[in-house]
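Fold and geometry: a report
Residue-level listing of the chains:
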Amino acid sequence: MVKNGDKVLETLSTNASHGGVQGVYRHASTAIGTDMVFSVFVPPHAAGVKLPVVWFLSGLTCTHANVTEKGEYRRACADLGLILVAPDTSPRGEGVADDADGAYDFGLGAGFYVDATQAPFAAHYRMWTYLAAELPALIAAQFPADMDRQSIMGHSMGGHGALTIALRHPDRFRAVSAFAPIVAPSQVPWGQKALGGYLGPDRAAWRGHDAVALIEDGARVAAILVDQGEADPFLAEQLRPELLDAACRDHGIDLTLRMQPGYDHSYYFISTFIDDHLRWHAARLG
């Protein structure tokens, strides 16, 4: 165990990889009110040197483990000198509310990176505060992380999270990219269910967690990279990248939207293009 003030960071596992260390850690989250697990890859580096940080936010049903085990990012991170942090997607544990019918797209594994205001989810579903404040402070305290050089990426629901967090914190993140993101949750079934369930029926409250709406309302980042598989079964109904494309064109954001023939929504898709994303981030992180 590693002490962090009055908190404890528990090391669950460490593995040598590409000259660095892939670790999985657990801590008691004040924001969430439960234990939270996350993974961190630290590439080889000289003692005392701080490295830029890339955050990876995962999608529906996932934990930290999906990208950690299937993302195939460590060689590129080692070559580029990037720390990669992969948090969980929702609170877990005894007493944490879940969808009454056990649906995969709401509740456990589907926190949508918001702070819920609606009972019973408001008690623990505070993923926005966790990722915007608590976990970054822990990373800064426990790892050789240069918090002045951060960027963020994500997949599907995590792509939604990455885009919204970057748009609302443009001075913190030097780059943002996404794989098959939910770009306009207010306009698609996954997002309407989640935002309504966590934030209530007032759609004005949803706009701060909708990338397209944020851009329409004045939020800006310099550039966005998005890869989207053309064979993704969720493309037409849930993802709708054309809405982000239109918003970025209308408001002067440099969007690179790459439609990839034959690729679906899986980690086969993500692992194919994640090196491109990491190089894109590294160029902006310095």
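In this convention, every chain numbers its residues from 1, walking through the sequence in written order. With pLDDT at 70 or above as the cut-off, local features in this predicted model cover only qualifying residues; side-chain atom pairs require 80 or more to be listed or tallied, and sums for whole chains, interfaces and linings still use all residues. Calculated side-chain values reflect all of the structure's heavy atoms, with hydrogen atoms and water omitted.

Residue burial is assigned from relative accessible area. The probe radius is 1.4 Å, only protein chains are included, and a residue is buried under 20% of its type maximum, exposed over 50%, and partly exposed in between. Helix numbers and strand numbers start at the N terminus; a helix is a DSSP run of H or I with at least 4 residues, a strand a run of E with at least 2. Buried within helix α5 (residues 189-199) we find Trp190, Gly191, Ala194, Leu195, Tyr198 and Leu199. The arc that holds the buried residues of α5, viewed along the axis, is 105°, so those residues lie on one side. Positive phi appears at Gly200, one or two residues downstream of α5, with a value of about 95°. Relevant arc is that of directions from the helix axis to the C-beta atoms, nothing else.

The next point concerns unusual backbone geometry. In this model, Ala119 is joined to Pro120 through a cis peptide bond whose omega is 0°. By the secondary structure assignment, Pro120 is in the loop between β6 (83-87) and α3 (127-142). Positive phi, close to 50°, is recorded for His18, a residue that is not glycine. Structurally, His18 can be placed in the loop between β2 (7-17) and β3 (20-28). For His18, a relative accessible area of 38% gives the class partly exposed. Although it is not a glycine, Ala180 adopts a positive phi angle of roughly 45°. Relative to the helices and strands, Ala180 is located in the loop between β8 (173-179) and α5.

With six of seven residues buried, β8 lies mostly within the body of the structure. Bridging between strand β7 (residues 145-155) and β8 involves five bridges; their strand directions are parallel. Its bridge partner lying in β8, Gly154 is registered against Ala178. Consider the strands pointing away from the viewer: the crossover is right-handed when the path from the first strand over the helix to the second runs clockwise. The parallel pair β7 and β8 is bridged by helix α4 (residues 157-168), and the resulting crossover is right-handed. The rule for pairing is simple: two strands pair if DSSP sees at least two bridges between them.

Moving on, we come to the confidence of the model for the protein. On average, residues of the protein score 96 in pLDDT, and 98% of them are at 70 or above. pLDDT expresses, on a scale from 0 to 100, how confident the predictor is about each individual residue. In what follows, residue pairs with any heavy atoms lying within 4.5 Å of each other are defined as contacts. In this model, residues 1-6 is a region of pLDDT below 50 whose contacts with residues beyond four sequence positions or in other chains number twelve contacts.

Here Gly191 lies in helix α5. C-alpha separation for the pair Gly191 and Asp146, spaced 45 residues apart in sequence, amounts to 33 Å. When residues no more than four places from it in sequence are discounted, the contact partners of Gly191 are Phe112, Pro185 and Gly196.

A few words on the packing of aromatic side chains. A pair of Phe, Tyr and Trp rings is counted when the ring centres sit within 6.5 Å of each other, with Trp represented by its six-membered ring. The angle between the planes then sorts it: under 30 degrees is stacked, over 60 is edge-to-face, the rest tilted. The tally for this structure, following the rule as stated, stands at 14 aromatic pairs. Here the aromatic rings of Tyr25 and Phe38 are separated by 5.8 Å at their centres, their planes lie at 35°, and the arrangement is tilted. Taken as a pair, Tyr25 in strand β3 and Phe38 in strand β4 (residues 35-42) lie far apart in primary sequence, 13 residues in all. There is no split in this pair, since Tyr25 and Phe38 are both buried. With centroids separated by 5.4 Å and ring planes inclined at 25°, the aromatic side chains of Tyr125 and Tyr198 adopt a geometry described as stacked. With Tyr125 in the loop between β6 and α3 and Tyr198 in helix α5, this pair connects stretches of sequence that are 73 residues apart. Just as Tyr125 is buried, Tyr198 falls in that class too. Following the ring pairs from residue to residue traces out a cluster consisting of Phe56, Phe179, Tyr263, Phe269 and Phe273. A cation over a ring is seen here: Arg74 above Tyr73, with NZ or CZ 4.8 Å from the ring centre. When the NZ atom of lysine or the CZ atom of arginine is within 6 Å of a ring's centre and also within 35 degrees of its normal, the charge is said to sit over that ring.

What follows deals with α3. Here the bend at each residue means the angle between axes fitted to two seven-residue stretches, the one ending at that residue and the one beginning there. Taken as a whole, α3 carries its principal kink of about 35° at Glu134; the proline Pro136 stands between one and four residues after it. Three or more residues of α3 are buried, namely Met127, Trp128, Tyr130, Leu131, Ala132, Glu134, Leu135, Pro136, Leu138 and Ile139.

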